[in-house]
Amino acid sequence: MFALRHRPSSENRRRLPLLARLAAATLAGALLAGCMAMDVASLAEAPQLSNKMKAEMAKKKMRPESPVLVRIFKQESELEVWKVDASGRYALFKTYPMCRWSGKLGPKKKSGDRQAPEGFYHVSAGMLNPNSQYYVSFNLGYPNRLESALGYTGEALMVHGACSSSGCYAMTDQGVGEIYAIVQKALEGGQERFQVQAYPFRMTTENMARHKGDANMPFWRTLKEGYDAFAFTRKQPKVSVCSGRYVFNKEFASGEPTDPLAQCPATVEGGENDVVAKIGAEQKKLDAVFAGATPVSSFAYVDGGMHPSFRTLLKQQGAKGMAARISRTKYPVSRPEAALADPYDD
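Residues numbered from 1 in each chain as written. Predicted model: local features only at pLDDT ≥ 70, side-chain atom pairs only at ≥ 80, totals over all residues. Heavy atoms only, no water.

Draft legend 1. The arrangement of the overall build of the chain in detail. If you tally the helices and strands in the chain, you get nine helices and twelve strands. Within the span of the chain, comprising 346 residues, buried residues form 49% of the whole. For the chain, the share of sequence-separated contacts (at least 6 apart) that also reach a separation of at least 24 residues comes to 64%. For the chain, the computed accessible surface area is about 17200 Å², with 54% contributed by carbon and sulfur atoms. (Helix = DSSP H or I, 4+ residues; strand = E, 2+ residues; numbered from the N terminus. Buried < 20%, exposed > 50% of the residue type's maximum accessible area, 1.4 Å probe, protein only. Contact = heavy atoms within 4.5 Å. Areas by Shrake-Rupley, 256 points an atom, 1.4 Å probe, with all protein chains shown as cover.)

Draft legend 2. How the structure looks around the packing of aromatic side chains. Within this structure, the stated rule accounts for 13 aromatic pairs. Each ring, one from phenylalanine 73 and one from tyrosine 227, has its centre 6.4 Å from the other, and the planes form 85°; the classification is edge-to-face. Taken together, the residues phenylalanine 73 in strand 1 (residues 68–73) and tyrosine 227 in helix 6 (residues 217–233) connect sequence positions 154 residues apart. Centroid distance phenylalanine 201 to tryptophan 220: 5.2 Å. Interplanar angle 80°. Geometry classified as edge-to-face. Here phenylalanine 201 is found in the loop between strand 10 (193–199) and helix 5 (205–210), whereas its partner tryptophan 220 is found in helix 6, with 19 residues between them in sequence. (Phe/Tyr/Trp six-rings, centres within 6.5 Å; stacked < 30°, edge-to-face > 60°.)

Draft legend 3. The arrangement of the sheet that holds strand 9 (residues 169–170) in detail. Spatially, 4-9-8-7-6 is the arrangement adopted by the five strands of the open sheet, whose pairing is mixed. Strands with a single pairing partner mark the edges of an open sheet, and in this sheet they are strand 4 (100–101) and strand 6 (128–132). As paired elements, strand 6 and strand 7 (residues 135–139) share three bridges and run antiparallel to each other. Paired with serine 132 across the two strands is tyrosine 135, which belongs to strand 7. (Pairing = 2+ DSSP bridges.)

Draft legend 4. Region of interest: the sheet that holds strand 10. Strand order in the open sheet formed by five strands is 3-2-1-10-5, with mixed pairing between adjacent strands. What marks the edges here is a single partner per strand, and that holds for strand 3 (90–97) and strand 5 (119–124). Across this sheet, the average inter-strand angle for adjacent strands is 20°, counted without regard to direction. Bridging between strand 2 (residues 78–84) and strand 3 involves seven bridges; their strand directions are antiparallel. Each bridged residue has a counterpart across the sheet, and for valine 81 the counterpart in strand 3 is lysine 94. (Axes fitted to C-alpha atoms, helices over the stretch in contact; angles between N-to-C directions.)

Draft legend 5. Spotlight on the environment of tyrosine 142. Along the polypeptide, tyrosine 142 turns up in the loop between strand 7 and helix 3 (145–149). What makes tyrosine 142 buried here is its relative accessible area of 4%. With eleven residues separating them in the primary sequence, tyrosine 142 and threonine 153 have C-alpha atoms 8.4 Å apart. Contact partners of tyrosine 142, with chain neighbours within four places excluded, come to Lys108, Lys109, Lys110, Pro117, Tyr121, Glu147, Tyr152, Thr153, Gly154, Glu155 and Leu157.

Draft legend 6. Structural context of the packing of helix 6 against helix 7 (residues 273–292). The contact between helix 6 and helix 7 brings their axes to 10 Å, and the two run at 140°. When the axis of helix 6 is compared with that of helix 7, the two are oblique. Crossing of helix 6 against helix 7: the hand is right-handed. The segment helix 6 lies against helix 7, with Met217, Arg221, Lys224, Glu225, Asp228, Ala229, Phe232 and Thr233 engaging Val275, Lys278, Ile279, Glu282, Gln283, Leu286, Asp287 and Phe290. Looking at the contact of helix 6 with helix 7 residue by residue, the classes come out as seven nonpolar, two polar and seven charged. (Parallel < 35°, antiparallel > 145°, perpendicular 65-115°, else oblique. Left-handed = near helix turned anticlockwise from the far one by under 90°. Nonpolar A, V, L, I, M, F, W, Y, C, P; charged D, E, K, R; others polar.)

Draft legend 7. Structural view of the state of the cysteines. Inspection of every chain in the model, using the stated rule, returns two disulfides. Note that cysteine 99 is cross-linked by a disulfide to cysteine 163, the S-S spacing being 2.1 Å. Disulfide cysteine 99-cysteine 163: torsion about the S-S bond near -90°, hence left-handed. In this pair, cysteine 99 sits in the loop between strand 3 and strand 4 while cysteine 163 sits in the loop between strand 8 (158–160) and strand 9, placing the two residues 64 residues apart along the sequence. For the residue pair cysteine 99 and cysteine 163, the accessibility class agrees, reading buried in each case. (Disulfide = S-S within 2.5 Å.)

Draft legend 8. Expanded view of unusual backbone geometry. Backbone torsion omega between tyrosine 142 and proline 143 reads -5°, so that peptide bond is classified as cis. Mapping proline 143 onto the fold places it in the loop between strand 7 and helix 3. Of note in the backbone geometry, arginine 234 takes a positive phi value of approximately 55° without being a glycine. Residue arginine 234 is classed as partly exposed on the basis of its relative accessible area of 31%.

Draft legend 9. Region of interest: the pairing of strand 11 (residues 239–242). As paired strands, strand 11 and strand 12 (residues 245–248) are joined by four bridges and run antiparallel to one another. Note that in strand 12 the partner of valine 239 across the bridge is phenylalanine 248. Here strand 11 folds back onto strand 12 in antiparallel fashion, the turn holding two residues, of which serine 243 has a positive phi close to 55°.

Draft legend 10. Representation of the layout of surface pockets. Put simply, the largest pocket is a space of about 600 Å³. Surrounding the largest pocket, 24 residues form its lining, Phe248, Asn249, Lys250, Glu272 and Val276 being those nearest its centre. Of all the elements in the fold, those that place two or more residues in the lining of the largest pocket are helix 6, strand 12 and helix 7. Looking at the lining of the largest pocket, the element that brings in the most residues is helix 7, giving five residues. When its residues are assigned to classes, the lining of the largest pocket shows eight nonpolar, eight polar and eight charged. (1 Å grid on protein atoms, 1.4 Å probe; cavity = no way out; pocket = protein on both sides within 12 Å on 5 of 7 lines; lining within 4 Å. Points joined across faces, edges and corners; volume = space filled by probe spheres on them.)

Here you go:
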């Protein structure tokens with residue numbers, strides 16, 4: 001017996017376009033609420049490391065399977081990929097220009113605020129999405145343990161393709177394809193999860209001084225401790241949370257803290273004392289610089305930023321032309337007028 005295919009009535013056929021429009025409207029509303037990297041039918045396999053990328057790694061004495069670490073800088077609109085090289089420490093592999101991030105400098109605190117997260121995150125294989133609406137993506141894991149304890153809300157904050165953001169970091173399809181292939185290979189090679197460090201800007205003393213009047217400065221000073229720990233050692237910092245803040249490279253007498261808001265327990269002396277001294281010296285340097293620095297008040301983002309190279313492309317080709325170049329699905333550039341108003345000038 002052959003099953004006869006059901007043929008919709010003429011009335012049902014007339015209703016299909018309306019249903020499609022309603023579904024599209026519902027989807028659009030969901031996307032406005034956040035960077036929802038929804039699963040879609042896969043048009044191609046997940047991106048793989050190209051021979052060119054493998055050759056670049058070999059020149060830098062890195063293996064495709066070696067551990068990876070990612071750093072994100074909002075103000076500069078850049079994403080760095082670091083890999084462990086033959087020395088056993090991390091070395092910079094490549095810096096990618098970021099096409100779009102949304103919100104302003106500062107951490108994400110609530111759903112719908114359009115803020116892109118700032119902090120320390122850890123991404124496992126299950127957080128990678130090869131069938132994203134934005135080509136491919138990985139979930140940052142916001143809110144992390146600290147953010148959840150502080151009552152911060154939001155979900156599905158991604159690094160993904162295209163050039164559209166409502167709380168995510170958009171890298172174009174080509175950019176995220178390379179990044180995805182790199183981190184996937186490291187996870188396949190045995191790295192349990194990779195660390196993502198998301199910063200408002202490169203946390204030099206000069207940049208910190210320029211923002212000294214910002215209400216987020218106490219939080220940023222904590223982030224700088226992790227930034228400096230990595231800069232001085234080229235090792236992934238161990239991240240703990242207690243006393244309502246991040247704590248780096250500490251061992252605790254009673255074991256790892258379980259309550260992010262409780263006072264930090266006693267620590268065990270030891271470790272790299274010279275690194276601790278260097279980080280302390282950086283904090284003292286900040287105190288001295290802050291005493292005489294004049295804060296800059298020109299960083300009033302309309303809605304996030306865009307790397308200068310993409311701003312140039314946006315000016316030359318317009319939003320539709322640019323979308324056609326950097327997105328397989330020609331996904332629209334989010335708030336292009338705001339992107340052109342990005343106050344950061346390299």
